[in-house]
Amino acid sequence: MQVVRLLAEHPETQVNNPKGTLYYAVEAAELDEPGALATLIALKLSANAQFQDRPGACKLIETAVSRSDQTMAQRLADCRAN
């Protein structure tokens, strides 16, 4: 998850296998590893061209809110507004 966090924070950084990186990030989020879902959302909302996916991030935000993550409630409102 540290690599995913770095990719979100440094959008100019590229990886050779973005599908593999995304696969492991999604897997960690599905396994409910601490912070994995929030990190994956940050990556999808980042300016990193390899991973940018606002609609996908909004779906993940809905999942986070349904899991009682109230820190994502404002982000969900932002998604619905756009």
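The structure reproduced in this document is the subject of the present report. Bear in mind the structure is a predicted one, so any value in this text is a computation, not a measurement.

## Focus: the overall build of the chain
- In terms of helices and strands, the chain carries five helices and zero strands.
- Listing every helix and strand of the chain by position from the N terminus yields α-α-α-α-α.
- Here the chain has a C-alpha radius of gyration of 12 Å; the compact-globule value for 82 residues is 12 Å, and the two agree.
- Along the first, second and third principal axes, the C-alpha atoms of the chain reach 35 × 30 × 15 Å.
- By the burial criterion, 34% of the 82 residues in the chain qualify as buried.

## Some details on the pattern of salt bridges
- Using the criterion set out here, one finds two salt bridges in the structure.
- Across the pair R67 and D32 runs a salt bridge, and its minimum N-O distance is 3.5 Å. Taken together, the residues R67 in the loop between α4 (54–66) and α5 (73–81) and D32 in the loop between α2 (18–30) and α3 (36–45) connect sequence positions 35 residues apart.
- Residue D32 is classed as exposed on the basis of its relative accessible area, which comes to 53%.
- In this structure, the salt-bridge partner of K44 is D53, at a minimum N-O distance of 3.0 Å.

## Quick word on the state of the cysteines
- All told, the structure shown has one disulfide when counted by the stated rule.
- Each sulfur of the disulfide joining C58 and C79 lies 2.1 Å from the other. Across the S-S bond linking C58 and C79, the dihedral sits near -85 degrees, which makes this disulfide left-handed. With C58 in helix α4 and C79 in helix α5, this pair connects stretches of sequence that are 21 residues apart. Of the two residues examined, C58 and C79, each falls in the buried class.

Cut-offs used in this document
Residues numbered from 1 in each chain as written. Predicted model: local features only at pLDDT ≥ 70, side-chain atom pairs only at ≥ 80, totals over all residues. Heavy atoms only, no water. Helix = DSSP H or I, 4+ residues; strand = E, 2+ residues; numbered from the N terminus. Rg over C-alpha atoms; globule rule 2.2 N^0.38 Å. Buried < 20%, exposed > 50% of the residue type's maximum accessible area, 1.4 Å probe, protein only. Salt bridge = Lys/Arg side-chain N within 4 Å of Asp/Glu carboxyl O. Disulfide = S-S within 2.5 Å.

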